[in-house]
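A closer look at the structure
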Amino acid sequence: MKRLSKSHKLVRAVVVLIIIIMGIVVAVFTFLKLWPAFGGKASKEDKKDYARRAENYHDDRFFNDGDFQIQHKTEKKDDRIMSTKAKKPKAKLPVKPSSYDLNPEENNVQITWFGHSSLLLQMHGMNILIDPMFSERISPVSFAGPKRFSDAPVKISELPHIDILVISHDHYDHLDYQVIKEIDEKTDKYIVPLGVENHLERWGVEKSKIRNMAWWEETTINGLTIGCTPARHYSGRSLDDQFATLWASWVFKDEYYQIFESGDTGYGEHFQKIHEKYGNFDFVMIDCAQYDMNWPEVHMFPEEAVQAVKMLGAKTAMPIHWAAVSLANHAWDDSAERFVYDGENNGLNILTPYLGETMSLEMTEDYQERWWKDIE
C-alpha cells in the first residue's frame with residue numbers, strides 16, 4: 001500500500017506538471033495571438049498579391065537574392081575594431097534642439113537625425129518621417145528588452161505634421177507600435193514594404209492611407225518619386241513570422257536631389273543594381289552598425305558601408321543605425337569611428353550630426369564635428 005501511495009503521488013505530480021506546462025503554452029500562445037504589438041497577418045488574397053508583384057516571394061515568405069543566412073557560427077574575430085569603449089555610453093548622449101523648418105522649401109533638403117535609423121527628411125516641401133523609434137525599449141512590451149542609451153531627442157507632439165511616414169521593415173527598432181498609435185492622427189500617408197500594411201491596419205491605421213510596395217516599384221506624391229529598392233535582411237515580430245513581410249531600402253528623388261536610405265541591410269550586389277537603375281546619389285544615409293562576425297549578412301560592417309556608398313555613386317554620406325541602443329557586441333561608437341576613418345580615406349564627405357540636430361544639404365561642412373570622441 002505504501003508503494004501504491006508513492007505511485008499515486010508521482011502520477012499526481014506528473015499530471016500537475018503537465019497541466020502547468022499546458023497552461024504556460026496556452027498563455028504564451030494567447031499572448032502572441034492577442035497582444036497588438038506583434039502586428040497583423042497577411043490574408044490569402046494578400047499573399048496572392050505579393051506573389052504577383054514580388055519575384056522574391058513564394059511559399060508564403062520573402063527571400064533575399066542569392067544564398068542568405070541570419071546566423072553563422074564562427075570563432076573569427078573582427079580585427080578592424082577601433083573603439084575600446086563599452087557597448088553602452090556611461091552617460092546620456094548630448095542632444096541638439098531640432099531646428100527643422102515647419103514649412104520646408106521645395107528646392108532644399110533638411111535632415112534631422114533622432115538616433116538609430118529614425119530620421120525626418122524634409123524634401124520637395126514635405127515632411128517625410130523614416131523608421132521612427134522613440135520608445136524606451138526595443139521590445140513588444142515596455143518592461144523588457146534592449147533599452148535606449150538616452151531619452152528620445154524629440155517628443156511626438158513636437159514633430160511637425162507628417163506628410164509621409166516610411167517604414168523599412170517590421171523589426172522593433174524600426175517599427176514602433178506606440179509611435180504609430182500616437183502619430184497616426186498627424187500623418188497623411190504611409191509607405192511600407194509588402195506585408196507591413198497588416199501591422200498598421202491592426203493598429204487602427206486606415207487602409208486608404210497606406211501604400212505597400214515591392215522591390216523596384218515606385219510611387220509619386222506631389223512630384224516626389226519614392227522608389228522601393230532591395231536590401232539584404234529579414235523580418236519578423238513574433239516566433240512564427242520571420243520573412244513574412246518584406247524589407248527594403250528607399251530612393252527619394254525630385255528635380256533637385258536624389259537621396260538614398262538603406263534601411264537595415266548586409267552588403268551585396270543590390271547596391272550596384274540600384275545604381276544601375278538610378279545613377280549617382282547626392283546623399284546616402286547608410287546602415288553601418290549592430291554588426292557581428294556571427295551575422296555578417298544581416299548588417300554591414302562600416303568598411304562595407306563605405307564601399308556601398310561608393311557603389312551608389314555618392315560623395316556625401318551619413319552613418320545611421322547607431323547611438324541609440326546596443327544590439328550587438330561592439331563598442332557603442334565603433335561604427336562611427338570606423339565609418340568616418342574609412343570614408344575619409346576613400347574621399348567621402350562624412351556628416352555626423354548630433355542627436356536631434358537638423359542639417360541642410362546646402363551646408364554640409366557644418367555637420368562634421370565628431371562629437372562622440374570625448375564621451376565614454
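These lines cover the structure that appears in this document, whether it is placed above or below. Note that the structure is predicted; figures quoted are calculated from it, not measured. Residue positions are counted from 1 within each chain, in the order its sequence is given. Per-residue local features of the predicted model are confined to residues with pLDDT of at least 70, and side-chain atom pairs are confined, for both listing and counting, to 80 or more; whole-chain, interface and lining totals are unaffected and use all residues. As a rule here, side-chain values come from all non-hydrogen atoms in the structure, and water together with hydrogens is ignored.

**Comments concerning the overall build of the protein chain**
Runs of H or I in DSSP of at least four residues are treated as helices and runs of E of at least two as strands, each being numbered from the N terminus. A tally of regular secondary structure across the protein chain gives seven helices and 16 strands. Here the protein chain holds 376 residues, and the buried ones make up 57% of them. By definition in these notes, contact holds between two residues if any of their heavy atoms fall within 4.5 Å. Within the protein chain, contacts between residues separated by at least 24 positions form 69% of all contacts whose residues are at least 6 apart in sequence. For the protein chain, the centre of its 44 positive side-chain charges and the centre of its 57 negative side-chain charges are spaced 12 Å apart. Relative accessibility thresholds used throughout: buried, under 20% of the residue-type maximum; exposed, over 50%; partly exposed, between the two (1.4 Å probe, protein chains only). Counted as positive: Lys and Arg. Counted as negative: Asp and Glu, with His and the chain ends omitted from the count. In this description, the location of a charge corresponds to atom NZ of lysine, CZ of arginine, CG of aspartate or CD of glutamate.

**Here's the deal with the sheet that holds strand 8 (residues 210-213)**
At least two DSSP bridges between two strands are required for those strands to pair. The strand order across the open sheet built from seven strands is 8-7-6-5-4-3-16, with neighbouring strands paired in mixed fashion. A strand with exactly one partner marks an edge of an open sheet, and here the two such strands are strand 8 and strand 16 (358-360). Within this sheet the neighbouring strands show an average axis-to-axis angle of 20°, counted without direction. Where strand 3 (residues 110-113) lies against strand 16, three bridges are found, and the strand directions are antiparallel. Bridged to Ile 111 within strand 16 is Met 359. Helix axes are fitted only over the stretch in contact, all axes being lines through C-alpha atoms; the angle between N-to-C directions runs from 0 to 180 degrees.

**Some remarks on the packing of helix 6 (residues 302-311) against helix 7 (residues 334-345)**
At a minimum axis distance of 8 Å, the contact between helix 6 and helix 7 shows a crossing angle of 45°. Classified by the interaxial angle, the pair formed by helix 6 and helix 7 is oblique. As helix 6 runs across helix 7, the sense of the crossing is right-handed. In contact with Pro 302, Glu 303, Ala 305, Val 306 and Val 309 of helix 6, helix 7 contributes Ser 335, Arg 338, Phe 339, Asp 342 and Gly 343. Charged residues are taken to be Asp, Glu, Lys and Arg, nonpolar residues to be Ala, Val, Leu, Ile, Met, Phe, Trp, Tyr, Cys and Pro, and polar residues to be all remaining types, Gly included. The class makeup of the residues in the contact of helix 6 with helix 7 is five nonpolar, two polar and three charged. When an angle is under 35 degrees it counts as roughly parallel; over 145 it counts as roughly antiparallel; between 65 and 115 it counts as roughly perpendicular; any other value is oblique. Handedness of each helix crossing follows the sense of rotation of the near helix against the far helix: counterclockwise by less than a right angle gives left-handed, clockwise gives right-handed.

**Topic: empty space enclosed by the protein**
Grid spacing is 1 Å over the protein atoms alone, the probe is 1.4 Å, and a cavity is where that probe fits but cannot get out, while a pocket is an open set with protein on both sides within 12 Å along at least five of seven lines and lining residues have an atom within 4 Å of a point. Grid points are joined across faces, edges and corners, and a volume is the space filled by probe spheres set on the points. Taken as a whole, this structure holds two cavities of 30 Å³ or more when the rule is applied. Lys 87, Phe 149, Gln 290, Trp 322, Ala 323, Val 325, Ser 326, His 330, Ala 331 and Trp 332 together form the lining of the largest cavity. Residue composition of the lining of the largest cavity, by class: six nonpolar, three polar and one charged. Considered as a void within the structure, the second largest cavity measures approximately 30 Å³ in volume. Every residue lining the second largest cavity is listed: Leu 93, Phe 114, Arg 148, Phe 149, Ser 150, Asp 151, Pro 153, Ala 323, Ala 324 and Leu 355. Grouping the amino acids of the lining of the second largest cavity by side-chain chemistry returns seven nonpolar, one polar and two charged.

**Remarks on the layout of surface pockets**
Approximately 500 Å³ is the volume attributed to the largest pocket. Around the largest pocket sit 25 residues that line it, and His 171, Tyr 172, Asp 173, Tyr 234 and Gly 236 are the ones nearest its centre. The residue inventory of the lining of the largest pocket, partitioned by class, reads eleven nonpolar, eleven polar and three charged. Empty space within the second largest pocket amounts to approximately 300 Å³. Surrounding the second largest pocket, 19 residues form its lining, Asp 78, Ile 81, Asp 292, Asn 329 and His 330 being those nearest its centre. Residues of the lining of the second largest pocket, tallied by class, amount to six nonpolar, five polar and eight charged.

**What about helix 2 (residues 44-53)?**
If you check which residues of helix 2 are buried, you get Asp 46, Asp 49, Tyr 50 and Arg 53. Looking straight down helix 2, one finds its buried side chains confined to an arc of 100°; they lie on one side. Of the exposed residues in helix 2, the ones pointing more than 90 degrees away from its buried face are Lys 44, Lys 48 and Arg 52. Looking at the buried positions of helix 2, the neighbouring elements they touch are strand 1 (57-58), strand 2 (61-62), helix 4 (196-202) and strand 8. Note that the arc is computed from the directions linking the helix axis to the C-beta atoms.

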